[in-house]
Amino acid sequence: MSLLTKRPILNEMAPLYDVGLNTTILIVGLGNPGKEYAGTRHNIGFATIDNFAEHHEFPAWQQKKDLHCWYTSKTLGATRVILSKPTTFMNDSGKAVQAVQHFYRVPNDKTLVAYDELDIDFGLIRTRMGGSSAGHNGIKSISQACGEEYGRVRIGIGPKKPKQIKSEDFVLAAFSKTQQKNLPALLTESNAILSEYAYGAGQLNAETRTFIV
């Protein structure tokens, strides 16, 4: 359906088209609050959504204590896009996502969550609707609070090296120097995915994308 609707010409100065706002979507980036977690693998969801907000010139982030998150919103095309970064710690992300969904009346099928995925190699991003948490505590919390049928942007941070390191220590560490050089490419590709989702009014295709060779 066209986003542009013809309107009668009442006078020479009247615009010929109205742009209808017909969809609200929610995009969530996962991470842990606090400067000590900035730049860690587990906070790539925060970095992704920050980059998206900057690229599309969203208003400044506002803390919404009653919704347990940082929030900003803007209309892109015919879609109202709500961005959220939970201020709960990762393991309680569902509390924030559920609160924002209920307040703005956004269903799961118009919700997209960007987060780190240890089971996917660095250099790959996979998208899908629904599915298991694959051991990710943030996703587990959201699924318990909201159900599983929401969109996922799974950003690869694996494989774990060295293998003997605990998973929780690996994800809370900074990216390697080589990976840090490739982070701009990662953010460019993730921004493209979020942009397509926003301008597509919340339509998400299941796919794998490579942001470095």
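Values in this document were obtained by computation on a predicted structure and should not be read as measured data. (Residues numbered from 1 in each chain as written. Predicted model: local features only at pLDDT ≥ 70, side-chain atom pairs only at ≥ 80, totals over all residues. Heavy atoms only, no water.)

Okay, helix H1 (residues 44-55) next. Taking 1.5 Å per residue as the helical rise, H1 with its 12 residues ought to reach 16 Å, and the 16 Å between its terminal C-alpha atoms agrees with that figure. Three or more residues of H1 are buried, namely Ile44, Gly45, Phe46, Thr48, Ile49, Phe52 and Ala53. Following H1 by one or two positions, Glu57 has its phi on the positive side, about 55 degrees. (Helix = DSSP H or I, 4+ residues; strand = E, 2+ residues; numbered from the N terminus. Expected span 1.5 Å × (residues − 1). Buried < 20%, exposed > 50% of the residue type's maximum accessible area, 1.4 Å probe, protein only.)

Contact geometry for H1 and helix H5 (residues 177-199): axes closest at 9 Å, N-to-C directions at 65 degrees. Taken as axis vectors, H1 and H5 run roughly perpendicular relative to one another. Judged by the sense of rotation from one axis to the other, the crossing of H1 with H5 is right-handed. In this structure, H1 contributes Ile44, Ala47, Thr48, Asn51, Phe52 and His55 to the contact, and H5 contributes Leu183, Leu186, Leu187, Ser190, Asn191, Leu194, Ser195 and Ala198. Taken together, the residues of the contact of H1 with H5 break down into 8 nonpolar, 6 polar and no charged. (Axes fitted to C-alpha atoms, helices over the stretch in contact; angles between N-to-C directions. Parallel < 35°, antiparallel > 145°, perpendicular 65-115°, else oblique. Left-handed = near helix turned anticlockwise from the far one by under 90°. Contact = heavy atoms within 4.5 Å. Nonpolar A, V, L, I, M, F, W, Y, C, P; charged D, E, K, R; others polar.)

The next subject is the side chain of Asn191. As for its placement among the helices and strands, Asn191 is situated in helix H5. The contact partners of Asn191, leaving out residues within four places of it in the chain, are Asn51, Phe52, His55 and His56.

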